[in-house]
Amino acid sequence: PVEEVKIYKGLAGVVVDYTAVSKVNPETNSLLYRGYPVQELAATCSFEEVAYLLWHSELPDAAQLAEFTAAERSQRTLDAPVKRVIDDLPLTAHPMDVVRTAVSVIGALDPTTADSSTSSNLAKSITLLAKLPAIVSYDQRRRRGQDVVEPREDLGYSANFLYMTFGEVPSDVVVDAFDVSMILYAEHSFNASTFTTRVVTSTLSDLYSAVVAGIGALKGPLHGGANEAVMHIFDEIGTADKAEAWLEQALAEKRKIMGFGHRVYKNGDSRVPTMKKALDTLIEEYDAQELLDLYVALDDAMQSRKAIQPNLDYPSGPAYHLIGYDTELFTPLFVASRITGWTAHIMEQLASNALIRPLSVYNGVDERHPAALAERA
Ligand code: SDX
């Protein structure tokens, strides 16, 4: 007989550790990074300042920010072996596979990979913060048959990211909306990919290995892959007038509606109002009323049918579409941001490490004994 033990499927509701990085509060629909409400950070700070906050627990002063951004700006290019490996990957490879592979190569090239001191891990975190935009831009451009655009050290993180992808600096409206998305995606406590990075770190493996595993976890459509999946359903629906009927059929087929629902938030995702505001500025900038109509129609239909609220991926998917990214590049953009939260958690895990190794209840066949090969029927 199988032992009677309470199973916490999906670890739902299980508290596994403390964290000082962020606080997700579903009762108040709020999210704090190191104590600061995320919507206030989005209104007041740049993504670079938020990255610094997540890693150092405090916002930088002007001198600290200048030193930090100089370090980031000086590492925005990819080494030749990284470019070569990307070049060798077929265009049929999903961009998340490309990002995962490129980070793995960066880890294999770094002579300090085995050094897990906080100072070394901070240096690696800045390296990845600087290089992820280069990886994503490189891959987006190669998919369009375009040449590489070298980074510009005079530009901030988001302006440079967009410049490297599209070959020109877009308007402030676009840069600001993108920067807000980076801030909102940066950190979210023990989500699946962050927990993955903590599991890997708990074995005293290296930071790059943990990040590569995190990228693998983020790829899935129940997690980060949802921002891409939202755009696919928008394409499938077509126009606002078709949203209701489409939803009816999708629910009848027991499909999960991408961009809706959350394991922790049951009354709405704290980040959605801020990202929706950013999306609205893009709708105006690109004169994209039809996309907004579809966004509203599907959300309205979902509220009247299931009352399941949108999550951050719902407004960010269409935002990245308007900015000009191919749909498959949306989740790599999430990686570029979440590298900050992942690495903050990796360093926190190491500071008070315990090997993460839960238990299971065996429910397979009873004990038995192997017959010699000749005696097996
Ligand atoms: C992210 O945790 C984080 O912090 C993650 C994240 C981060 O910042 O790191 O916020 C980022 O991953 C956002 C989530 C992106 N995923 C999606 O948008 C995919 C669609 N959503 C879901 O499949 C779902 O809501 C989850 C996976 C997000 C949460 O699922 P749970 O907590 O495991 O809940 P569940 O699947 O058991 O759903 C409970 C009920 C079910 O109905 P019943 O079987 O009880 O009748 O709600 C229904 C579900 O069918 N439901 C949905 C639904 N989400 C929940 N039904 C249709 N469409 C949905 N999207």
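Residues numbered from 1 in each chain as written. Predicted model: local features only at pLDDT ≥ 70, side-chain atom pairs only at ≥ 80, totals over all residues.

Condition: UniProt positions are given in the numbering used here, feature names are shortened, and annotations may be inferred rather than shown by experiment.
The name given to the protein in an unreviewed UniProt entry is Citrate synthase, and the organism recorded there is Subtercola lobariae. Per UniProt, the protein has the following entry under Sequence similarities (unreviewed entry): "Belongs to the citrate synthase family." Listed in UniProt under the heading Pathway (unreviewed entry), the comment for the protein reads: "Carbohydrate metabolism; tricarboxylic acid cycle; isocitrate from oxaloacetate: step 1/2."

1. With respect to the domain arrangement of the protein
Spelled out, the test is: Domain start and stop points were drawn from an automatic or database domain assignment. Contacts are defined on C-beta atoms placed from the backbone: any two residues whose C-beta positions lie within 7 Å are in contact. The helix count covers DSSP runs of H or I at least four residues long, the strand count covers runs of E at least two residues long, and both are numbered beginning at the N terminus.
Segmenting the protein into domains produces domain 1 (31–221 + 336–351) and domain 2 (226–322). Distance from the C-alpha centre of domain 1 to the C-alpha centre of domain 2: 26 Å. Contact residues are listed per partner, giving 13 residues for domain 1 and 14 residues for domain 2. Every element with two or more residues in the side of domain 1 that touches domain 2 is listed here: helix H1 (38–44) and helix H8 (172–185).

2. Brief notes about the pairing of strand E2 (residues 30–33)
Definition in use: The burial criterion counts other C-beta atoms lying within 10 Å of a residue's C-beta, which is placed from the backbone; the residue is buried at 20 or more, exposed at 12 or fewer, and partly exposed between these limits. Strands pair, by our definition, only if DSSP identifies at least two bridges between them.
Because side chains alternate across E2, one face comprises the buried residues Leu31 and Tyr33, and the other comprises Ser30 and Leu32, none of which is buried. Connecting the antiparallel pair strand E1 (residues 22–25) and E2 is a turn made up of 4 residues, with Asn29 showing a positive phi of about 50°. Hairpin connection from E2 to strand E3 (residues 36–37): 2 residues lie between these consecutive antiparallel strands, with Arg34 at a positive phi of about 50°.

3. A word on the site of the ligand
Test applied: Nearness rests on one distance test: the residue's C-beta atom, set from the backbone, must lie within 6 Å of the molecule or strand. When residues are sorted by character, Ala, Val, Leu, Ile, Met, Phe, Trp, Tyr, Cys and Pro go into the nonpolar class, Asp, Glu, Lys and Arg into the charged class, and all the rest, Gly among them, into the polar class.
Near the ligand, the surroundings consist of 22 residues, among which His188, Asn191, Ala226, Gly261 and Arg263 are the closest. Residues that form the shell around the ligand fall into these classes: 9 nonpolar, 9 polar and 4 charged.

4. Quick word on unusual backbone geometry
Phi at Arg34 takes a positive value of approximately 50°, unusual for a residue other than glycine. On the secondary structure map, Arg34 appears in the loop between E2 and E3. Arg34 gets classed as partly exposed once you count the C-beta atoms within 10 Å, which come to 19. Despite not being glycine, Lys254 has its phi angle at roughly 60°, a positive value. Mapped onto the elements, Lys254 comes out in the loop between helix H12 (243–252) and helix H13 (272–285).

5. A few points about the pairing of E1
Where burial is concerned, the two faces of E1 differ: the one with Ser22 and Val24 is buried and the one with Lys23 and Asn25 is not. As defined by bridge partners, E1 adjoins E2 across 4 bridges and the pair is classed as antiparallel. By the bridge assignment for E2, Val24 is matched with Leu31.

6. Some details on helix H5 (residues 95–109)
Stated formally: Given a helix with a known number of residues, its expected span is that number minus one, times 1.5 Å.
Counted at 1.5 Å a residue, the expected span for H5 with its 15 residues is 21 Å, and the 21 Å between its end C-alpha atoms agrees. All buried positions along H5 are accounted for by Pro95, Met96, Val98, Val99, Arg100, Ala102, Val103, Val105 and Ile106. Elements in contact with the buried residues of H5: helix H4 (80–88), helix H6 (118–143), helix H10 (207–219) and helix H16 (330–351).

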